[in-house]
Structure formats: structure tokens, C-alpha cells
Amino acid sequence: MITTIVTGVDGSDTAGDAAHTAAWLATSLGARLIVLSAYTDFQVHRIQAGSDEFVYTSEGDARLVAESTATALRAEFGDLAVEAMAAEGKPQQALVRVAEEVGAQLIVVGNKRVQGLGSVLGSVAREVTQHATCDVYVAHTHHRRHR
């Protein structure tokens, strides 16, 4: 039985689409959703590696991104039990660690960075699927908008 789902957001459309899918799943299953945004000790940094772009923020910025997404999901999915969190570390590491800490049965990530050059260089989705101790749902987020 799935009682807790974790998804990560960074303000990107892909992460927003994956969070929307996670909210739909959580509502359908009657599960709690944790919306997580990762941060580092640096100020905001954008790092481009091939087709991947990683955004690292401070804790306050990460918390705002998570809370903003959680608020939007609450408005759309009225019965959704959702919690916003910020966690230190790279996004893929933070997702796996927090999912373990809260006893989540499912992590939802987007697939934008899974294909092409990104799959050679590494991606959040690929790293999470390799290291998660729970199930991982890779939401199709290419060329799709839910909202």
C-alpha cells in the first residue's frame, strides 16, 4: 500500500509536470505527498552539462519553491495531503535520502533528462532509479502540460 509519495521540484516545467503527476497519484491512492526542493550552501547556480541543466539554490529559496508548488497543488487537488520540504544536497541524493527518512513507498520524477546526451552524462531520474530503496515512477514530461 502506498501511503507516502515524494517528488522533487526546482521551479522548472519538467519538475512541475512530475509534481502534478505525483499529486494526481497521491489523490487517487489517498496518499500523502511530500514536495521536496534540494539546495546547497551556495547562492543560486545554474550548471549546464550537455542537455542537463541543474539549478542549485539556498535553503530559503528551495523552501519557497517547494511551498509555492505545494500551494498550487492544494488549490487544484482539494483533498490532497501535501507537505513542502527543503533538503540539502544534490536533487537526486536529496530525493532518495528524504524518501528513506519519511518511509515513502514511491518517488515521482520527470523524464526530460533521461533521453539523449543526458542519459550519458547522468540525470536526476536515472540516479534516483538506481539508488532508491522504494519504487520510482518516471512521469512522461516531454512536450506535455497538465495545466
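Residues numbered from 1 in each chain as written. Predicted model: local features only at pLDDT ≥ 70, side-chain atom pairs only at ≥ 80, totals over all residues. Heavy atoms only, no water.

Notes on the pattern of salt bridges
Stage number 1. A complete count under the given rule lists 2 salt bridges for this structure.
Stage number 2. The residue Glu83 makes a salt bridge to Arg32 at a minimum N-O spacing of 3.3 Å. Taken as a pair, Glu83 in strand 5 (residues 81-88) and Arg32 in strand 2 (residues 32-39) lie far apart in primary sequence, 51 residues in all.
Stage number 3. A residue is classified by how much of its surface remains accessible, and Glu83, at 32% relative accessible area, is partly exposed.
Stage number 4. Here Arg32 falls in the partly exposed class, since its relative accessible area comes to 31%.
Stage number 5. Among the ionic pairs, Glu101 bridges to Arg97, the shortest N-O distance being 3.7 Å. You can see Glu101 and its partner Arg97 sitting in helix 3 (residues 91-102), 4 residues apart, about one turn around the helix.
Stage number 6. Residue class for Glu101 comes out exposed when judged on its relative accessible area of 56%.
Stage number 7. Residue classification places Arg97 among the partly exposed residues on the basis of a relative accessible area of 32%. (Salt bridge = Lys/Arg side-chain N within 4 Å of Asp/Glu carboxyl O. Helix = DSSP H or I, 4+ residues; strand = E, 2+ residues; numbered from the N terminus. Buried < 20%, exposed > 50% of the residue type's maximum accessible area, 1.4 Å probe, protein only.)

Quick notes on helix 3
Stage number 1. Over its 12 residues, helix 3 runs 16 Å from end to end, which matches the ideal 16 Å to within 8%, given 1.5 Å per residue.
Stage number 2. The complete set of buried residues in helix 3 reads Gln92, Ala94, Leu95, Val96, Val98 and Ala99.
Stage number 3. Contact partners of the buried residues in helix 3: strand 1 (4-8), strand 2, strand 5, strand 6 (106-110) and helix 5 (124-131).
Stage number 4. One or two residues past the end of helix 3 sits Gly103, with phi positive at roughly 70°. (Expected span 1.5 Å × (residues − 1). Contact = heavy atoms within 4.5 Å.)

Observations regarding the sheet that holds strand 5
Stage number 1. In spatial order, the strands read 5-2-1-6-7; together these 5 strands make up an open sheet with parallel pairing. Every other strand in the sheet has two partners, leaving strand 5 and strand 7 (135-139) as the edge strands with one partner each. On average, adjacent strands in this sheet sit at an angle of 25° to one another, irrespective of strand direction.
Stage number 2. Alignment of strand 1 against strand 2, held across 5 bridges, turns out to be parallel. Counterpart to Thr7 in the pairing with strand 2 is Val35.
Stage number 3. Here helix 2 (residues 59-76) sits on the sheet and contacts strand 2 and strand 5; the angle it forms with strand 2, its principal contact strand, is near 155°.
Stage number 4. The sheet contacts of helix 3 involve strand 1, strand 2, strand 5 and strand 6, and relative to strand 2 the element is tilted by about 140°. (Pairing = 2+ DSSP bridges. Axes fitted to C-alpha atoms, helices over the stretch in contact; angles between N-to-C directions.)

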